[in-house]
Amino acid sequence: QVQLVESGGGLVQPGGSLRLSCAASRSILSIYVMGWYRQAPGKQRGLLAAMTSGGSTNYLDSVKGRFTISRETTKNTVYLQMNRLKPEDTAVYYCNARNPMIPGYDYWGQGTQVTVSP
């Protein structure tokens with residue numbers, strides 16, 4: 001089992017930046033893939049960025065060049081650096097840990113609200 005705690009959300013003006021953190025209760029190197037998702041009101045939750053235990057990353061096309069996923073293994077923490085934020089980035093952001101090869105290995109944090117507004 002993995003507990004995930006997100007932090008770092010808040011209110012930011014368009015064009016601003018935020019860094020989200022996701023602290024895991026176990027070594028993130030033991031987790032097959034960790035990802036950041038978001039869910040806006042009335043929309044489905046969708047993947048933004050992911051990083052495998054080996055360090056490979058992938059991004060949603062619409063956030064490439066603006067968002068960066070990274071990790072600090074000594075702190076068992078994964079980050080999402082978000083730059084040049086837009087009002088349409090407003091959503092609840094979630095951290096996820098999963099291993100598609102292990103049934104049921106799919107854990108979520110509680111989410112953190114990001115609001116981009118003048």
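Placed above this text is the structure.
The text that follows walks through the structure, step by step, so that each part is easy to find. Position numbers for residues start from 1 in each chain and track the written sequence from start to end. Only residues with pLDDT of at least 70 get local features here, since the model is predicted, and only at 80 or more are side-chain atom pairs given and counted; chain-wide, interface and lining totals rely on the full set of residues. Only hydrogens and water are set aside; all other atoms, that is, all heavy atoms of the structure, feed into the side-chain values.

A word on the overall build of the chain. Helix numbers and strand numbers start at the N terminus; a helix is a DSSP run of H or I with at least 4 residues, a strand a run of E with at least 2. Broken down by element type, the chain carries 0 helices and 11 strands. When the helices and strands of the chain are placed in sequence order, the string is β-β-β-β-β-β-β-β-β-β-β. A globule of 118 residues ought to have a C-alpha radius of gyration of about 13 Å, and the chain, at 14 Å, matches this closely. By its C-alpha atoms, the chain is 40 × 30 × 25 Å across when sized along the principal axes. Sorting the 118 residues of the chain into buried and exposed places 42% on the buried side. In this treatment the radius of gyration is a C-alpha quantity, and the globule benchmark scales as 2.2 Å times the residue count to the 0.38 power. Working definition: with a 1.4 Å probe on protein chains only, accessible area under 20% of the residue-type maximum means buried, over 50% means exposed, and in between means partly exposed.

With that out of the way, let us pick up the state of the cysteines. In this description, a disulfide is simply a cysteine sulfur pair whose atoms lie within 2.5 Å. Summed over the entire model, instances satisfying the criterion amount to 1 disulfide. Two residues share a disulfide in this structure: Cys 22 and Cys 95, whose sulfurs sit 2.0 Å from each other. Linking Cys 22 and Cys 95, the disulfide has an S-S dihedral of approximately -80° and is accordingly described as left-handed. Of this pair, Cys 22 sits in strand β3 (residues 18-24) while Cys 95 sits in strand β9 (residues 91-98), and the two are 73 residues apart along the sequence.

A pair of strands is considered paired only if DSSP assigns at least 2 bridges between the two. Ordered in space as β1-β3-β8-β7, the 4 strands form an open sheet in which the pairing is antiparallel. At either margin of the open sheet sits one strand with a lone partner, and together these are β1 (4-7) and β7 (67-72). Across the sheet, the axes of successive neighbouring strands diverge by a mean angle of 20°, strand direction being ignored. In this description, a line fitted to the C-alpha atoms serves as the axis of each element, helices being fitted only across the stretch in contact, and the angle between N-to-C directions of two axes falls anywhere from 0 to 180 degrees.

Let us now look at unusual backbone geometry. At Asn 76, a residue that is not glycine, the phi angle is positive and equals roughly 50°. Mapped onto the elements, Asn 76 comes out in the loop between β7 and β8 (77-82). Look at Arg 84: it is not a glycine, yet its phi comes out positive at around 50°. Within the element layout of this structure, Arg 84 appears in the loop between β8 and β9. Of the residues examined, Arg 84 reaches a relative accessible area of 48% and is grouped as partly exposed.

Attention shifts here to the nonpolar core. Leu 4, Met 34, Leu 80, Met 82 and Tyr 93 are the most contacted members of the largest nonpolar core, which has 30 residues in total. Mapped onto this core, the elements with two or more residues apiece are β3, β4 (33-39), β5 (46-52), β7, β8, β9 and β11 (112-116). Working rule for contacts: check all heavy atoms of both residues, and any pair within 4.5 Å makes them a contact. Apart from residues lying up to four places away in sequence, Met 34 is in contact with Leu 4, Cys 22, Ile 28, Ala 49, Ala 50, Met 51, Ile 69, Val 78, Cys 95, Asn 96 and Ala 97. What is meant by a nonpolar core is a set of buried Ala, Val, Leu, Ile, Met, Phe, Trp, Tyr and Cys residues, joined one to another through side-chain atoms within 4.5 Å.

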